[in-house]
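# Structure at a glance
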Amino acid sequence: LLADTEGSLVHTLAYLDSGSVSMFVSAIVAGFAGLAVVIKLGFRRFLALFSPRQRAALRAEKVAKAQQTAAAAAPQSTPAP
Amino acid sequence: VSDLSADAGSFRDPDSAVFYTGGRVLRGLSARGAADWERLAATAFFSRLVDEGKIVATHPYTGDAPPSPRGEAWATLLEHERIPFVSYPYEWPFHMLRDAAALHLEIVLAALDENMSTKDGYSFNLQFVGSRPTFIDIGSFEAASGPWPGYRQFCESLLFPLLVQAHLGIAYQPMLRGRLDGISVSDAAGMFRGLRKWKKGVFRNVVLHNSLERRAKGTTSTQDMKKQLTGAGFGVELQKATVRKLAKLVGKLHVKRRGSAWADYRDTCSYTDADAQAKQAFVRHAMTQRPPATVLDLGANDGAYSLIAAEHADYVVAVDFDELVIDALYLKLRDLGVGNVLPLVMNLVDPSPGLGWRNGERTSFAARARPDLVLSLALVHHLAIAANVPLPEVVAWLRSFDARVVVEFVHPEDPMVQRLLANKPPGLFDDYRIDTFASLLGKRFAIEGTEALPGGTRTLYLAEPR
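Right, let's walk through the structure included here.

This paragraph deals with helix H3 (residues 94-112) of chain B. Over its 19 residues, H3(B) extends 27 Å from the first C-alpha to the last, a length consistent with the 27 Å expected when each residue adds 1.5 Å. Most of H3(B) is tucked away, with 17 of its 19 residues classed as buried.

Moving on to the nonpolar core. Residues and elements named next belong to chain B. Core analysis: the largest hydrophobic core is formed by 127 residues, its most contacted members being Phe141, Leu159 and Tyr432. For this core, the leading source of residues is H3, giving 13 residues. With sequence-adjacent residues up to four places away left out, phenylalanine 141 is seen in contact with Asp36, Leu40, Phe45, Ile55, Ile107, Ala111, Met116, Ser117, Thr118 and Phe135.

What follows deals with the packing of helix H4 (residues 151-168) of chain B against helix H9 (residues 236-252) of chain B. Residues and elements named next belong to chain B. Where H4 contacts H9, the two axes come as close as 12 Å, and the packing angle between them is 10°. By the angle class used here, H4 and H9 are roughly parallel. Where H4 abuts H9, its residues Tyr151, Phe154, Leu159 and Leu162 lie against Thr242, Leu246, Leu249 and Val250. Taken together, the residues of the contact of H4 with H9 break down into seven nonpolar, one polar and no charged.

Turning our attention to the sheet that holds strand S11 (residues 315-320) of chain B. All names here are of chain B. Strand order across the open sheet formed by seven strands is S12-S11-S10-S13-S14-S16-S15, with mixed pairing between neighbours. Here the strands that pair on one side only, and so sit at the sheet edges, are strand S12 (341-345) and strand S15 (445-452). Across the sheet, the axes of successive neighbouring strands diverge by a mean angle of 20°, strand direction being ignored. Here strand S14 (residues 404-410) runs beside strand S16 (residues 458-465); their pairing, made up of six bridges, is antiparallel. Within S16, the residue paired with valine 410 across the bridge is arginine 458. Across the face of the sheet, helix H13 (residues 323-336) comes into contact with S11 and S12 while running at roughly 160° to S12. Sheet strands in contact with helix H16 (residues 391-400) are strand S10 (294-298), strand S13 (373-376), S14, S15 and S16, and its direction is about 115° off that of S15.

Another aspect to go through is a nonpolar patch on the surface. Taken together, the side chains of Phe32(A), Leu35(A) and Ile39(A) make up a nonpolar region of the molecular surface, amounting to roughly 380 Å² of accessible area. Among the residues examined, Ile39(A) registers a relative accessible area of 66% and is labelled exposed.

Residues and elements named next belong to chain B. Counted by the stated rule, this structure contains 27 salt bridges over all chains. Where arginine 334 meets aspartate 335, a salt bridge forms, and the shortest distance between an N and an O atom there is 3.8 Å. We classify aspartate 335 as exposed; its relative accessible area is 61%. Ionic contacts of the salt-bridge type, sharing partners, join the residues Arg48, Glu52, Lys54 and Glu106 into one network.

Residues and elements named next belong to chain B. Evaluated as defined, the whole model comprises two cavities of 30 Å³ or more. Taken as a whole, the second largest cavity holds about 50 Å³ of empty space. Residue lining of the second largest cavity: Asp13, Asp15, Ser16, Leu29, Gly33, Asp36, Trp37, Leu40, Lys119, Ile138, Gly139 and Phe141, and that is the complete set. Among the elements that line the lining of the second largest cavity, the one with the most residues is helix H1 (residues 31-41), at four residues. The class makeup of the residues in the lining of the second largest cavity is five nonpolar, three polar and four charged.

Residues and elements named next belong to chain B. For glycine 354, the location among the structural elements is in the loop between S12 and helix H14 (365-368). For the pair glycine 354 and alanine 367, spaced 13 residues apart in the sequence, the C-alpha separation amounts to 8.6 Å. Ignoring any residue separated from it by four or fewer positions in sequence, one finds glycine 354 in contact with Asn359, Arg362, Thr363 and Ser364.

Here the focus is unusual backbone geometry. Residues and elements named next belong to chain B. You will see that asparagine 301, though not glycine, has its phi angle at about 50°, which is positive. Structurally, asparagine 301 can be placed in the loop between S10 and helix H12 (304-310). When its relative accessible area of 6% is taken as the criterion, asparagine 301 is described as buried. Of note in the backbone geometry, alanine 378 takes a positive phi value of approximately 50° without being a glycine. Topologically, alanine 378 is positioned in the loop between S13 and helix H15 (380-386).

Residues and elements named next belong to chain B. Ordered by their spatial adjacency, five strands build an open sheet running S1-S2-S3-S5-S4, and the pairing between neighbours is antiparallel. Each having just a single partner strand, strand S1 (5-6) and strand S4 (58-60) make up the two edges of the open sheet. As defined by bridge partners, strand S3 (residues 24-29) adjoins strand S5 (residues 76-80) across five bridges and the pair is classed as antiparallel. Along S5, the bridge assignment pairs glycine 28 with leucine 77. Of the strands in this sheet, S3, S4 and S5 are in contact with H1, which crosses S3 at around 110°.

Our next topic: the pairing of strand S8 (residues 132-135) of chain B. For strand S7 (residues 126-129) of chain B and S8(B), the ladder comprises four bridges, and the chain directions are antiparallel. From the neighbouring strand, Phe128(B) faces S8(B), where its bridge partner is Pro133(B).

Residues and elements named next belong to chain B. One pass over the full model with this rule turns up 15 aromatic pairs over all chains. Ring centres 5.9 Å apart and planes at 50° place the aromatic pair tyrosine 88 and phenylalanine 124 in the tilted group. Placement of the pair is tyrosine 88 in the loop between S5 and H3 and phenylalanine 124 in the loop between strand S6 (116-118) and S7, with a sequence separation of 36 residues. The buried category is assigned to tyrosine 88, whose relative accessible area is 4%. Ring centres of tryptophan 397 and phenylalanine 401 lie 5.4 Å apart, and the angle between their planes is 70°; this geometry places the pair in the edge-to-face category. Three or more aromatic residues joined by ring pairs form one cluster here, namely Tyr88, Tyr90, Tyr122 and Phe124. Seen from the ring of phenylalanine 124, arginine 362 lies directly overhead, with NZ or CZ sitting 3.9 Å from the centre.

What follows deals with the pairing of strand S2 (residues 16-21) of chain B. Residue and element names in this part refer to chain B. In terms of residue burial, S2 counts as a mostly covered element, since five of its six residues are buried. Note that S1 and S2 share two bridges and pair antiparallel. Residue serine 5 lies in a different strand from S2, and its bridge partner there is tyrosine 20. Taken together, the six bridges between S2 and S3 define a ladder with antiparallel strand orientation. When the bridges of S3 are listed, serine 16 appears paired with leucine 29.

With that out of the way, let us pick up the layout of surface pockets. All names here are of chain B. Of the voids in this model, the largest pocket is the one considered here, and its volume is about 1500 Å³. Within the residue set of the lining of the largest pocket, elements represented by two or more residues are S1, S2, S3 and H14. For the lining of the largest pocket, the element with the highest residue contribution is S2, accounting for three residues. Among the residues forming the lining of the largest pocket, the class breakdown is 18 nonpolar, 13 polar and 14 charged.

How each quantity is defined
- Residues numbered from 1 in each chain as written.
- Chains lettered and ligands numbered in written order.
- Predicted model: local features only at pLDDT ≥ 70, side-chain atom pairs only at ≥ 80, totals over all residues.
- Heavy atoms only, no water.
- Helix = DSSP H or I, 4+ residues; strand = E, 2+ residues; numbered from the N terminus.
- Expected span 1.5 Å × (residues − 1).
- Buried < 20%, exposed > 50% of the residue type's maximum accessible area, 1.4 Å probe, protein only.
- Core = buried A, V, L, I, M, F, W, Y, C linked by side-chain atoms within 4.5 Å.
- Contact = heavy atoms within 4.5 Å.
- Axes fitted to C-alpha atoms, helices over the stretch in contact; angles between N-to-C directions.
- Parallel < 35°, antiparallel > 145°, perpendicular 65-115°, else oblique.
- Nonpolar A, V, L, I, M, F, W, Y, C, P; charged D, E, K, R; others polar.
- Pairing = 2+ DSSP bridges.
- Patch = residues over 30% accessible without salt bridge, like charges linked within 9 Å, V, L, I, M, F, W, Y side chains within 5 Å.
- Areas by Shrake-Rupley, 256 points an atom, 1.4 Å probe, with all protein chains shown as cover.
- Salt bridge = Lys/Arg side-chain N within 4 Å of Asp/Glu carboxyl O.
- 1 Å grid on protein atoms, 1.4 Å probe; cavity = no way out; pocket = protein on both sides within 12 Å on 5 of 7 lines; lining within 4 Å.
- Points joined across faces, edges and corners; volume = space filled by probe spheres on them.
- Phe/Tyr/Trp six-rings, centres within 6.5 Å; stacked < 30°, edge-to-face > 60°.
- Lys NZ or Arg CZ within 6 Å of the ring centre and 35° of its normal.

This is the structure in structure tokens:
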């Protein structure tokens, strides 16, 4: 299960549709109201666009979160009789 | 049904595709596409813009249909009004492309008022009927949510070409012909360096776009970004703000004209007034004798003879390689409200080829040009002498249109031909003679009429293909 979760996450991260950046830029093109949305989106995500370090940190955070979720969802092992 | 044929350029959208039967243009829609169509047909903006000729007239259709390109049956069929002559953005001069871009945005804004939008922003969503742009991709409409999905495509296929022409004076037609998606974000950024970054509309749409794209590799998928932006409050009103800003920018783009060799041709050519009058009378006679449905004016220049042809024919396609004269002709036609002349920029020695997937998405000029009459006035000497096309090949090319021709042969002693010959080594064009031309023409056409113009250096022929 862990391997699967991690695999699909890596796949999602590796998939690049440059349309995502264009959507982001279209918000900036919209003017002040669009900028407000960008700010609300999160300063860290914005920084991650510019900094590989921030990007790596965000990615590690995501993987850790996915692992935690997977561990919580896994059935508890029963002790040997 | 045997005459059903799919449009080779209509396969990318799984929910919609165009096909033809018996001269009719039909569109198949999937269940999802049909739901969008029902929603669109119920809006007020759709019927208003169809009435204004800004969206192609469309009605439900019942009949046979080929399966979708993915092998499925269609849920709904539509019929579209036929576009008299399909043309492409790399054949449009600046103001045609600008008007097409402005119309695309106008349509998205009108749709957003009723909570609909378009799923793309492609220049090929538009066609021209004469000098009027019209939106043809009915399958593009969908319910609006979040940012405009067409923004990137709009930038590459419409906005960047306009920015490149307006700010840098670089012709976009060869770039659009070289890449059907348009000018990529990174290529556009490469052209706007230094102080050029600060030209109108460049910083946000080009520089920032490129800079973020280079840095953002692999961080967020489009769907994820859409979810996040929508979650942060990017709704229909903000999409409207984006489109409104783009419309404002497009409206402010102008092109600086420095003149061209052909812009004042009518004033500098070697005609006398008597020549011009005789030539007009000859063309009028050819038109009235047997009025053609479609006329192709090759080397149309300022369109003087296209306009004469338009008085008698249903539709005239005026082609010239000089962008400046065709742009001026477009503005003239638009201002006069002439609805049956389509001006196109094209080098006839290097005409538009078949492009895209299997060379069939965008058809070649040769495949589209099916006129009833061809005007070839003051053109043969340019092909034969300036472009070194052998005279037999020029005549074979005229015959390939399989139509009546009005062709002008300018004699070697004419000042215009002398000017062309002066740029070539002597003795290369000894076969460029009236008797050679008449004999070649006579082999492939039945000559119905001949007239030597009063100036004595030009001869006109009206000929029917054999």
